Amino acid sequence: MSMVKTVSIPARDVPVRGSYDVIVAGGGVAGIAAALSARRAGAGKVLLIEREFTLGGLATLGLVTIFLPLCDGRGTQVSFGIAEELLRLSVSKGAEEPVPECWQNASDKAERAKHRYACRFNASLFACLAEELLLDAQVDILYGAQLCASVTDKERVRAVVCMDRSGELYAYESGGFVDASGDATLFRLSGAETAEYSLGNRQAAWYYSYENGRHVLHTLGSAPAPGEHVPGGFAGTDAGGLSRVMAAAHRLIKRDFLSGGELSDAHTLTVLPQIPQVRMSRRIAGKAALRLSDEFSSFTDSVGMVSNWRQAGPVYELPFGALRSDIENLFACGRIVSADDEMWDIIRVIPCCAVSGEAAGIAAAKGGDARTVQKELSRRGIPFHINQLCVR
């Protein structure tokens, strides 16, 4: 067995820059929903920590600009609350593909069954609108901060340690934390059990170009099917691997763009992805794990519902246990919630991120259990059990 070479890092005291009621790690759609939800649940001070300098994660910086369905594909809406609010926000100033007309009026179920409740938004505009939404809600946003340590006490997180671009370390304290990092970073740093995606991600290289008066989205590469093993696929958790993925994406984009001719007034490369287009990387091993076979199953601790974006019909309740580990005041949302490999592909998308983010924000703000979250969801008029809908 080969020995790994190591170096020693001197121990040092880290200054605490502030204390918050709730800290959200990660500013993708899940983090946006969690921070907004925490404020609405009564958290006085909420901090959202984001490594990049733009909100939205894969939805904006990754150019995955499709807000997948809030409905079951058979005419019934299943995801509500902040998920619907963000969908509407994303196209409030215009859309690349608008919400179908039947979902904007009082059309009957048969008409809605013909069109899923989805849209395609402009990434840059959505990022600006989301930032404005959080700032108006008095959420503090800290850009350019990389999580590097968690300070824990027994089964609770006391503080997170961040590093800025100069290498300076600093900490923020809180009573409630949400991991919306997309990689379960805060859970891993806090010593919780996590699991990496073992089947491999497929190379993707989505980009925009200007073609004869139109702004065109090019979707090179797609997500693997649920449970599909991708030979030579990448895990998406290490810097070396992700660097190779980004370089490969740039090569694919250049080749694809130039296949349509060299640069001209009618043919211009406009927007590259700013982060790797990784669908699944690392998740928590929670108190419960959602499975693809759990369609139409009811959980006493359900805190929301989502559909299957790949096919019409299935509806899933999201158990609160999928957002939790043994760490009492840390909650998961987005693509890191506890699920098996097949279900991971379904639960990772934008509507599911918003649904789990809303629930995690409530839990972090109120320090509560599933019943506390359910009570707040009911106050907001959000159904969370399938028997509250007319489906199947």
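It should be noted that the structure appears before, not after, this text.
Remember, it's a predicted structure, so these values are computed and weren't measured experimentally.

J.: Would you mind going over the overall build of the protein chain with me for this structure?
T.: Counting its secondary structure elements, the protein chain contains nine helices and 16 strands. For the protein chain, the C-alpha radius of gyration of 21 Å lies close to 21 Å, the compact-globule estimate for 392 residues. Here the C-alpha coordinates of the protein chain stretch approximately 60 × 55 × 45 Å along the principal axes. Across the 392 residues of the protein chain, 54% fall into the buried class. Sequence-distant contacts in the protein chain: of pairs separated by 6 or more residues, those separated by 24 or more amount to 72%. When the accessible surface of the protein chain is summed, it comes to about 17200 Å², and 49% of that surface belongs to carbon and sulfur atoms.

J.: Where do I start with the sheet that holds strand β12 (residues 267–271) in this structure?
T.: Sheet strands associate in pairs through backbone hydrogen bonding, adopting either a parallel or an antiparallel arrangement. The sheet built from three strands is open, its strands ordered β11-β10-β12 with antiparallel pairing. Either end of the sheet is taken by a strand with one partner, and the two such strands are β11 (214–220) and β12. Neighbour-to-neighbour, the strand axes of the sheet open up by a mean angle of 35°, direction not taken into account. Bridge analysis of strand β10 (residues 205–211) against β11 gives seven bridges, and the strand direction is antiparallel. Within β11, the residue paired with Y207 across the bridge is H218. Set on the sheet, helix α6 (residues 239–258) makes contact with β10, β11 and β12; between it and β10 the angle comes to about 30°.

J.: Any chance you could explain the environment of A195 here in plain terms?
T.: If you trace the backbone, A195 turns up in strand β9 (residues 194–196). In sequence terms A195 and A184 are eleven residues apart; their C-alpha atoms lie 9.0 Å from each other. Setting aside its immediate chain neighbours within four residues, A195 contacts S281, R282, R283 and W344.

J.: So what exactly am I meant to see when it comes to helix α8 (residues 350–366) here?
T.: Along an α-helix, a turn takes 3.6 residues, which lines up residues three or four apart on a common side. A rise of 1.5 Å per residue sets the reference length of α8, with its 17 residues, at 24 Å; its end C-alpha atoms lie 24 Å apart and thus fit the reference within 8%. The buried fraction of α8 amounts to 15 of the 17 residues, a majority that puts the element mostly inside the structure.

J.: What is the right way to look at the packing of aromatic side chains in this model?
T.: Per the stated rule, a full pass over the model turns up eight aromatic pairs. Put simply, the rings of Y20, Y170 and Y172 touch in pairs and so form one group of aromatic residues. Above the ring of Y170, the side-chain terminus of R17 is found at 3.7 Å from the ring centroid. The ring of Y20 has K45 sitting right over it, with the charged end atom 4.7 Å from the ring centre.

J.: Please clarify how the nonpolar core should be interpreted in this entry.
T.: One broad trend across soluble globular proteins is that nonpolar side chains are buried collectively. In this structure, I49, L86 and I347 are the most contacted members of the largest nonpolar core, which totals 106 residues. Residue contributions to this core peak at ten residues, all from α8. Apart from residues no more than four positions distant in its own chain, I347 is found in contact with L290, V306, L318, G334, V337, A339, C352 and C353. Ranked by size, the runner-up nonpolar core spans seven residues in total, among them A123, W206, Y208 and L217.

J.: Is there a simple way to think about the pattern of salt bridges in this case?
T.: Two side chains with opposite charge may pair up if their charged atoms get near one another. Per the counting criterion, the structure on display carries 17 salt bridges. A salt bridge links K287 to D326; the nearest nitrogen and oxygen atoms lie 3.0 Å apart. Here K287, found in the loop between β13 (282–284) and β14 (302–307), pairs with D326, found in the loop between β15 (315–319) and β16 (330–332); they are 39 residues apart in sequence, far enough to count as distant. Classification of D326 as exposed rests on a relative accessible area of 54%. R291 is the salt-bridge partner of D294, the closest N and O atoms lying 2.9 Å from each other. Residue D294 is classed as buried on the basis of its relative accessible area of 4%. Judged by relative accessible area, which is 43%, R291 ranks as partly exposed. Several salt bridges converge on common partners, so that one network encompasses E358, E376, R379 and R380.

Calculation criteria
- Residues numbered from 1 in each chain as written.
- Predicted model: local features only at pLDDT ≥ 70, side-chain atom pairs only at ≥ 80, totals over all residues.
- Heavy atoms only, no water.
- Helix = DSSP H or I, 4+ residues; strand = E, 2+ residues; numbered from the N terminus.
- Rg over C-alpha atoms; globule rule 2.2 N^0.38 Å.
- Buried < 20%, exposed > 50% of the residue type's maximum accessible area, 1.4 Å probe, protein only.
- Contact = heavy atoms within 4.5 Å.
- Areas by Shrake-Rupley, 256 points an atom, 1.4 Å probe, with all protein chains shown as cover.
- Pairing = 2+ DSSP bridges.
- Axes fitted to C-alpha atoms, helices over the stretch in contact; angles between N-to-C directions.
- Expected span 1.5 Å × (residues − 1).
- Phe/Tyr/Trp six-rings, centres within 6.5 Å; stacked < 30°, edge-to-face > 60°.
- Lys NZ or Arg CZ within 6 Å of the ring centre and 35° of its normal.
- Core = buried A, V, L, I, M, F, W, Y, C linked by side-chain atoms within 4.5 Å.
- Salt bridge = Lys/Arg side-chain N within 4 Å of Asp/Glu carboxyl O.

Limitation: the analysis is restricted to geometry and does not speak to function.
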